[in-house]
Amino acid sequence: MVTFLLLLHIAVTIAAGDATTLTATPATITRSDQWITLRWSSLPSPTPLDYIAVYSPPSSADLDYLGFLFLNASASWATGAGTLVLPRLPDLRAPYQFRLFRSPPGEPSTNTRLDQDHDPLPDASHRGAVSGHVRAEGNGSRPAQVHLAFADAPDEMRVLFVCDDAGNRAVRYGLLGRREEEWEEAPAEARTYERRQMCGYPANDIVGWRDPGFVFDAVMKGLQPGRRYFYKVGSDSGGWMKWILRDLEAIGDRAALVSHIGDISYAKGYAWLWDHFFEQIEPISSSTPYHVCIGNHEYDWPSQPWSPSWAANIYNGKDSGGECGIPYSIKFRMPGNSSLSTGTGAPDTQNLYYSFDAGVVHFVYMSTETDFTQGSAQHSFIMADLEHVNRSRTPFIVFQGHRPMYTSSNETRDTAHREQMIQHLEQLFVKHNVTLALWGHIHRYERFCPMKNYQCLNTSSSFVYPGAPVHVVIGMSGQDYQPSWEARPDHPDVPIFPQPERSMYRGSEFGYTKLMATREKLTLVYIGNHDGQVHDMVEIFLYNNSMHVKLPPKVIWSYMGIAGSVILSLLVGILAGFLVRRKRDSGRWIPIDNEEA
């Protein structure tokens, strides 16, 4: 009997020693950690489809993974051992866990979920190993996802950040050179939302929902122009994060603001993609105001409040993945107080339309997803705002929204929408001398000449303002969607249709646009991500007589410092393009982003 037990003990020890192991390091992710390393060993008879799945929280079911990595990305995978690295994961206020799964050859997957290309996702029936937990430093109590925005007063700046609890948090701020003990302090208000408030799948399902934590909102007031400030957010008990706040008049040739006009994170109901997005932009958004407007992938759902008859094929989709504008409304706080009831008992949709001045430019943002027709609250706001622009201070007006008023993409679904925008808004643009209109939605770059009722007023790329705005579609930030272009009537049989005469430049390269304004001219350039070169440019010179703009000497002097340098606005493209390139460089991390068929 003793001999039998001894042999049994030896057999169990050998089996345990041969068990597949999986480790993940570091166990605690600090601010300086940029990579997570996964190592496995003793995997018998590996196959090319074996993979490691990523989970948070660790209680997630096997099929509810956030992403996966194929083991064959490691050079030594065929030996049953290897190493993979993936970029730093966002703080989801819960630990991560990694699980290794076998994929036996010839065995069909029973997983019914599809990836972003509508291909089946791996099964999770044969679990081979499980790692220990990996968690972020501070366990969610330290501030994360810091981003700035202009507030309603010119001497204010808003800061937002995320923590895992609603405990007291604040922002402390002070001038460069002043001791922290002398800094000002402003309390931060906490907001959140719940799974039950989501309006559809996957946002309200276990596969997409993750606790968003609490979004804190604080306003720094009494900021002096032309001075540099430091600030930090958090609390003594939970920890602080410290940043530099740059004043608009002291930025030199760096970006004054970032403008992202709709389809912000493409989370579409998968909550952790919001966390991933905010952590990636934080190095920029923590020191540069980050401004947004709402797009269909933040808002649209079948029972949304505004569904006019002409929009039956436009606003009846599931583009938001069941979010119906709620995460967008809580995670951002733009100037003004525009809001609209969801009609579901959930928090109101906010950040719909607003405006602010930055240097010599007056920026206006609209919502193309809610009522903009004559008589609506949004139309009244736009009309009143344009009527009261101080053209002595801001001679240029840049208008922004998600769905374009002009495009040569022949997506017939949006045709009625474009016609309504031209009918209800274009006359305001012309009457009040809007300089430039920027749009997204179409995943390409396209610049039109100055447009008035489908008519082109000037075909040059450098001209004096002719009385109507230049329209530019800047949706080329990284999504691979391929639009079809509109055919010219005289070339109906050409496979790749020539550009309409009103379209000055069309490009498919991923990139971003940069806006520069002095008191004499406004310049927009389109820069390619792949080469860093300027692919297109338009210059619009101020024409004082037609715009009735008078520039008194006092005002000219006060803005000469800004005009002497350059006011820059990095528009949608630079950040999303950087994210796409970064993900491609890492090459091994495959985020799960289901889409409806």
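The preceding data block contains the structure.
All values reported here derive from a predicted model rather than from experimental measurement.

Caption draft 1: Spatial organisation of the sheet that holds strand β14 (residues 189-191). Ordered by their spatial adjacency, four strands build an open sheet running β10-β11-β15-β14, and the pairing between neighbours is antiparallel. The open sheet has two free edges, formed respectively by β10 (144-150) and β14, since each of these has just one partner strand. Each strand axis lies, on average, 25 degrees off the axis of its neighbour in the sheet, ignoring direction. Summarising the sheet, β14 and strand β15 (residues 214-220) pair through three bridges and their orientation is antiparallel. Opposite Ala190, over in β15, you have Phe216 as the bridge partner.

Caption draft 2: Expanded view of the side chain of Arg391. Residue placement: Arg391 occurs in the loop between α5 (377-387) and β24 (396-401). Buried charge without a salt bridge: Arg391, with Asp357 as the nearest opposite-charge side chain at an N-O distance of 9.2 Å. Within the structure, Arg391 has its side chain in polar contact with the backbone oxygen of Pro395 (distance 2.9 Å).

Caption draft 3: Representation of the environment of Val258 in the model. Relative to the elements of secondary structure, Val258 occurs in strand β18 (residues 255-261). Owing to a relative accessible area of 3%, Val258 belongs among the buried residues under this scheme.

Caption draft 4: Region of the structure containing the packing of aromatic side chains. Taken as a whole and assessed by the stated rule, the structure comprises 33 aromatic pairs. Here the aromatic rings of Trp306 and Tyr315 are separated by 5.5 Å at their centres, their planes lie at 45 degrees, and the arrangement is tilted. Accessibility classification places Trp306 together with Tyr315 in one group, the buried group. Where Phe356 meets Tyr365, the ring centres are 5.8 Å apart and the plane angle is 25 degrees; that geometry is what we call stacked.

The rules behind these values
- Residues numbered from 1 in each chain as written.
- Predicted model: local features only at pLDDT ≥ 70, side-chain atom pairs only at ≥ 80, totals over all residues.
- Heavy atoms only, no water.
- Pairing = 2+ DSSP bridges.
- Helix = DSSP H or I, 4+ residues; strand = E, 2+ residues; numbered from the N terminus.
- Axes fitted to C-alpha atoms, helices over the stretch in contact; angles between N-to-C directions.
- Buried < 20%, exposed > 50% of the residue type's maximum accessible area, 1.4 Å probe, protein only.
- Lys, Arg positive; Asp, Glu negative; His and termini not counted.
- Salt bridge = Lys/Arg side-chain N within 4 Å of Asp/Glu carboxyl O.
- Polar contact = N/O pair within 3.5 Å; in protein donor to acceptor, adjacent residues only side chain to side chain.
- Phe/Tyr/Trp six-rings, centres within 6.5 Å; stacked < 30°, edge-to-face > 60°.

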